[in-house]
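Read off the chains here:
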Amino acid sequence: MPRLEGKIAVITGANSGIGLATAETFLAEGAARVYLTGRRKTQLDEAVATLNVLDPTGSRGARAVGVQGDVTNPVDLDRLYEQVKAEVGRIDVVFANAGYAAPSGLGGLTEEHIDGLLNTNVKGVIWTVQKALPLIGDGGSIILSSSIVGTKGFDGWSIYSATKAAVRSFARTWAADLKGKNIRVNAISPGVIQTPAWTESDLPEGQVNGFFDFAASITPLGRIGREEEVAKVVAFLASDDSSFVNGSEVFVDGGIAQV
Ligand code: NAP
């Protein structure tokens, strides 16, 4: 039996990168319905259309559903969960993945930089999870998107790193908050993963490639990661196979965290 047979999942930030790869993996693993969100409607519609055409299990149908929205806007999250409630009545898996990275060193920090990162990467995760809670029942799995930077000290990344440190902390504290409800909360902490966050960023291509080379050089596997590799770990945490994994942080980083 596929690992996610019959499960209802919500993935924020799923029109691109790790979120999109995870939606594809969830569907391939038998999820009954995967709700994808993102602010860019065109990308979201394209992602959903592609997922519904791909049919690895032979019965995909229209199991991918896009709900355009911004995780920093509570009204959008309310609308998302109202739709989920009306259509399927429950949630088994929430992957709070929407987020972004932006560098800025101490001395050059601005209100805009700080508020943007905290609003999306921290408050967005809080409301994504809290507003989903009434729909999550026994056996539910919540997965948060942290990062190796949450435990590291790379120069120029203090605010982004702090947001991801907050998220890895939520996995531990929320798992305790939900004790006795059989709802698990875990975080994934990827290393450098080749996604549009890098390849379609405003950073010069040479700078991005230089960063990829540096990251590969400090990774025991000798390369950076791929979004489908992260997706497989998220699928494991979403599945009942990981029923004893709770309040934990899983590094998906080729060993970079050991350096
Ligand atoms: P990506 O390809 O840029 O995807 C980011 C996703 O988040 C997009 O779908 C984007 O869609 C969505 N998003 C951003 N802000 C949003 C908002 N306010 N409301 C709703 N959706 C929003 O980047 P990625 O690399 O897959 O990143 C996914 C997550 O992994 C992020 O939390 C990131 O911090 C984390 N991560 C990435 C890496 C890496 O090396 N790639 C490493 C560690 C952790 P819209 O722009 O359309 O809203």
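Remember, predicted model here, so these are calculated numbers, not experimental data.

1. Brief notes about the packing of aromatic side chains
- Under the definition given, this model contains five aromatic pairs.
- Ring plane angle 70 degrees and centroid distance 6.2 Å describe the contact between W157 and W198, whose orientation is recorded as edge-to-face. Of this pair, W157 sits in the loop between β5 (136-145) and α5 (158-177) while W198 is found in helix α6 (residues 196-199), placing the two residues 41 residues apart along the sequence.
- By relative accessible area, which is 16% here, W157 ends up buried.
- On the basis of relative accessibility, which here comes to 16%, the residue W198 falls in the buried class.
- Ring centres of W198 and F212 lie 6.4 Å apart, and the angle between their planes is 80 degrees; this geometry places the pair in the edge-to-face category. One end of the pair, W198, is in helix α6; the other, F212, is in helix α7 (residues 205-217), and 14 residues separate them in sequence.

2. Concerning the side chain of T128
- Its place among the elements puts T128 in helix α4 (residues 111-132).
- For T128, a relative accessible area of 1% corresponds to the buried category.
- In this view, T128 contacts T12, V71, L77, Y81, V94 and A96; residues no more than four positions away in its chain are not counted.

3. Thoughts on the layout of surface pockets
- Estimates place the volume of the largest pocket at around 1200 Å³.
- Residue lining of the largest pocket: 43 residues in total, with G99, Y100, A101, T195 and A197 positioned closest to the centre.
- Listing elements by their share of the lining of the largest pocket, those giving two or more residues are α1 (17-28), β2 (33-38), α5 and α6.
- Looking at the lining of the largest pocket residue by residue, the classes come out as 20 nonpolar, 17 polar and six charged.
- Taken as a whole, the second largest pocket encloses approximately 170 Å³ of empty space.
- Around the second largest pocket, the lining is made up of 17 residues, and of these G225, E229, V252, D253 and G254 lie nearest the centre.

4. Examining the site of the ligand
- The immediate surroundings of the ligand are formed by 29 residues, with N15, S16, R39, Y160 and T195 found nearest.
- With respect to the ligand, the side chain of S16 contributes an N or O atom lying 2.6 Å from an oxygen atom.
- With respect to the ligand, the side chain of K164 contributes an N or O atom lying 3.0 Å from an oxygen atom.
- In isolation the ligand has 870 Å² of accessible area, and contact with the protein removes 94% of it.
- Taken atom by atom, the bulk of the ligand overlaps the largest pocket.
- Broken down by secondary-structure element, the contributors of at least two residues to the shell around the ligand are α1, α5 and α6.

5. Comments concerning the pattern of salt bridges
- According to the stated counting rule, one finds eleven salt bridges in the structure shown.
- Residue D240 is joined to K7 by a salt bridge in which the shortest nitrogen-to-oxygen separation is 3.1 Å. Residue D240 is located in the loop between α8 (227-238) and β9 (249-252), and its partner K7 is located in the segment before β1 (8-11); the two are separated by 233 residues in the primary sequence.
- Residue class for K7 comes out buried when judged on its relative accessible area of 12%.
- For E229, the salt bridge goes to R226, with nearest N and O atoms at 3.3 Å.

6. Points about unusual backbone geometry
- Although it is not a glycine, N182 sits at a positive phi angle of roughly 55 degrees.
- By secondary structure assignment, the location of N182 is in the loop between α5 and β6 (184-190).
- Relative accessible area serves as the criterion here: at 42%, N182 is assigned to the partly exposed category.

7. What to know about the confidence of the model for the protein
- With 97% of its residues at a pLDDT of 70 or more, the protein has an overall mean of 95.
- Averaged over each element, pLDDT in the protein is lowest for α7 (93) and highest for strand β4 (residues 91-96) (99).

8. Quick word on empty space enclosed by the protein
- Summed over all chains, the structure comprises two cavities of 30 Å³ or more.
- For the largest cavity, the calculated volume is near 40 Å³.
- Considering the residues around the largest cavity, the lining is formed by T37, V67, Q68, G69, D70, V71, D76, L77 and L80.
- Among the elements of the structure, β3 (64-68) and α3 (74-87) are those that each provide at least two residues to the lining of the largest cavity.
- Residues of the lining of the largest cavity, tallied by class, amount to four nonpolar, three polar and two charged.
- Its volume calculated, the second largest cavity comes out at about 30 Å³.
- Every residue lining the second largest cavity is listed: F154, V192, F211, F214, A215, I218 and I256.
- Residues of the lining of the second largest cavity, tallied by class, amount to seven nonpolar, no polar and no charged.

How each quantity is defined
Residues numbered from 1 in each chain as written. Predicted model: local features only at pLDDT ≥ 70, side-chain atom pairs only at ≥ 80, totals over all residues. Heavy atoms only, no water. Phe/Tyr/Trp six-rings, centres within 6.5 Å; stacked < 30°, edge-to-face > 60°. Helix = DSSP H or I, 4+ residues; strand = E, 2+ residues; numbered from the N terminus. Buried < 20%, exposed > 50% of the residue type's maximum accessible area, 1.4 Å probe, protein only. Contact = heavy atoms within 4.5 Å. 1 Å grid on protein atoms, 1.4 Å probe; cavity = no way out; pocket = protein on both sides within 12 Å on 5 of 7 lines; lining within 4 Å. Points joined across faces, edges and corners; volume = space filled by probe spheres on them. Nonpolar A, V, L, I, M, F, W, Y, C, P; charged D, E, K, R; others polar. Near = heavy atom within 4 Å. Polar contact = N/O pair within 3.5 Å; in protein donor to acceptor, adjacent residues only side chain to side chain. Areas by Shrake-Rupley, 256 points an atom, 1.4 Å probe, with all protein chains shown as cover. Sits in = over half its atoms within 2 Å of the grid points. Salt bridge = Lys/Arg side-chain N within 4 Å of Asp/Glu carboxyl O. pLDDT = per-residue confidence, 0-100.

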